[in-house]
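# Residue-level structure breakdown
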Amino acid sequence: MSYEHTEYWIVDKNINQERTKAQINEAGMWIKKGEVVAFPTETVYGLGANAFDEQAVRKIFAAKGRPSDNPLIVHIAERQQLDQLVTDVSPQAERLIARFWPGPLTLIFKKKTAVAPSVTAGLDTVAVRMPDHPVASALLQAAGVPVAAPSANLSGKPSPTSAAHVRHDLDHKIAGIVDGGKTGVGLESTVLDCSGQVPVLYRPGGVTREEIEAEIGPVSLDLALHSEQETPMSPGMKYTHYAPAGTLWLVPDRSRITELVARSKAEGKRVGVLTTIERQPDYQADLVIACGKRSSLATVAADLYESLRAFDHAAVEVIYAETFPAEGVGIAIMNRLEKAAAGRML
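This write-up is about the structure you can find in this document. (Residues numbered from 1 in each chain as written. Predicted model: local features only at pLDDT ≥ 70, side-chain atom pairs only at ≥ 80, totals over all residues. Heavy atoms only, no water.)

### Section: the packing of aromatic side chains
The full count for this structure, using the stated rule, is one aromatic pair. Seen from the ring of W249, R344 lies directly overhead, with NZ or CZ sitting 6.0 Å from the centre. (Phe/Tyr/Trp six-rings, centres within 6.5 Å; stacked < 30°, edge-to-face > 60°. Lys NZ or Arg CZ within 6 Å of the ring centre and 35° of its normal.)

### Let's talk about the sheet that holds strand β4 (residues 73–75)
Backbone-to-backbone hydrogen bonds join strands into a sheet, with any given pair of strands oriented parallel or antiparallel. Strands sit in the order β1-β8-β2-β3-β7-β4-β6-β5-β9-β10-β11 across an open sheet of eleven strands; the sheet is mixed. Since the sheet does not close on itself, it has two edges, and those belong to β1 (7–10) and β11 (220–221), each with one partner. Judged from the two bridges that link them, strand β2 (residues 37–39) and strand β8 (residues 176–179) form a sheet pairing that is parallel. Bridge assignment links V37 to a residue of β8, and that residue is G176. Against the sheet, helix α1 (residues 18–32) contacts β1, β2, β3 (46–50), β7 (147–148) and β8, and its axis sits at roughly 145 degrees relative to β1. (Pairing = 2+ DSSP bridges. Helix = DSSP H or I, 4+ residues; strand = E, 2+ residues; numbered from the N terminus. Contact = heavy atoms within 4.5 Å. Axes fitted to C-alpha atoms, helices over the stretch in contact; angles between N-to-C directions.)

### Thoughts on the pattern of salt bridges
Under the defined criterion, the tally for this structure stands at 19 salt bridges. Across the salt bridge formed by E35 and K59, the nearest N and O atoms sit 3.5 Å from each other. Residue E35 is found in the loop between α1 and β2, and its partner K59 is found in helix α2 (residues 54–64); the two are separated by 24 residues along the sequence. Residue E35 is classed as buried on the basis of its relative accessible area, which comes to 14%. In this structure K59 comes out as partly exposed when scored by relative accessible area, which is 23%. (Salt bridge = Lys/Arg side-chain N within 4 Å of Asp/Glu carboxyl O. Buried < 20%, exposed > 50% of the residue type's maximum accessible area, 1.4 Å probe, protein only.)

### Things to note about unusual backbone geometry
Trans is the common state for peptide bonds, and a negative phi is the common state for residues other than glycine. P102 follows W101 through a cis peptide bond whose omega is -5 degrees. Within the element layout of this structure, P102 appears in the loop between α4 (91–100) and β5 (105–110). Here the phi dihedral of A121 falls at roughly 55 degrees; this positive angle occurs in a residue that is not glycine. Note that A121 resides in the loop between α5 (117–120) and β6 (125–129).

### Focus on the pairing of β3
Among the five residues in β3, five count as buried, and that is most of the element. Bridge analysis of β2 against β3 gives three bridges, and the strand direction is antiparallel. Within the sheet, the bridge partner assigned to A38 lies in β3 and is L47. Taken together, β2 and the strand that follows it, β3, pair antiparallel across an intervening segment of six residues. As judged from the two bridges shared by β3 and β7, these two strands associate in the antiparallel manner. From the neighbouring strand, A49 faces β7, where its bridge partner is A148.

### Brief notes about the sheet that holds strand β12 (residues 247–251)
Here four strands make up an open sheet; going across it, the order is β12-β15-β13-β14 and the pairing parallel. Of all strands in the sheet, those with a lone pairing partner are β12 and β14 (287–290), marking the two edges. The average undirected angle you get between the axes of adjacent strands in this sheet is 20 degrees. Here β12 runs beside strand β15 (residues 318–322); their pairing, made up of five bridges, is parallel. Residue pairing across strands places W249 opposite Y320, the latter belonging to β15. Across the sheet, helix α9 (residues 257–266) touches β12, β13 (271–275) and β15, and the angle it forms with β15 is around 180 degrees.

### Focus on helix α7 (residues 163–170)
A163, H165, V166, D169 and L170 are the residues of α7 that are buried. Buried residues in α7, looked at end-on, bunch into an arc of 155 degrees, giving them a common side. For α7, the exposed residues lying more than 90 degrees away from the buried face are A164 and H168. In this structure, the buried residues of α7 make contact with β1, β2, β3, α2, β8 and α10 (297–313). Positive phi appears at H172, one or two residues downstream of α7, with a value of about 75 degrees. (Arc of directions from axis to C-beta.)

### As for the pairing of β5
With five of its six residues buried, β5 lies for the most part within the structure. Two strands pair when backbone bridges link them, and β5 and strand β9 (residues 190–193) are joined in this way by four bridges, in the parallel orientation. Bridging across to β9, T106 finds its partner in V191. The sheet contact formed by β5 and β6 spans four bridges and is antiparallel. Across the sheet, I108 pairs through a bridge with A127, a residue of β6.

### Remarks on the environment of N335
Residue position: N335 is located in helix α11 (residues 329–340). Of the residues examined, N335 reaches a relative accessible area of 6% and is grouped as buried. Separated by 38 residues in the primary sequence, N335 and L297 place their C-alpha atoms 14 Å from one another.

Here you go:
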């Protein structure tokens, strides 16, 4: 589907401004009418449609070029909306909801039949979260329905952390974009399956495994994060994701990067290096990007997707990236980098 014009609303995070309220209400009406609208959350920009409207949800897949066996996360504005979507909420899930909602934690439950089939990719479960962003919350209130929303980018590309990223990927492919500025966390939400007896962590994100276990005790870690053999139980668990156009290599031993850059440049390629502010002066390449501070991995997470997109804008052909400690939010960072690199490591 192609749109002659994609509506574009620039809104203020002070959602009480009259102009902002009017724009958010207009965007909400588009969702009510069965259209797809991109909007900011605290993680990344989402691409939203009425989770009860099968035809509307299919427009998400068409716009993104997203495989139909990749389920979506449903976003809600109020706790009571959860009861429209799921059959049962365990005591453990209730504790997590009380502690982390609104916030970057998605929980998987057994679904009700009202949920559009494409949302769940044929599974008997549905993933749900309540975003912690004033614009997202206001839009969900205006829409008046649970909203299914994956990241608002072309499938496989780095997720969008600004409306400009969305516009680059999806202009004329969707009905509208709500520009609420840059997102905060920068990585997609943590996904935890609460549909069984033992909670299973399917995707690391803004809420860490340590924080979850501090609240409800031990959780199981999904060992099939890289499997492409079965229908994924969670969004973001199948296919190559977050990938820049250039070939990305992860380099645990950063002392090798200078040599690798020289070798690629000798082959006539445009070369980039992904590092941090502390180490940026150590490298010479066509483009050296400081992605946050190594001393604060939250800043790396916030800047990661914008950094990967910057290599595309500079037409970089080969990228060598430093790696990060697999602890706390570092687990989520490395999960995204490994998928962006399709497992390539030197």
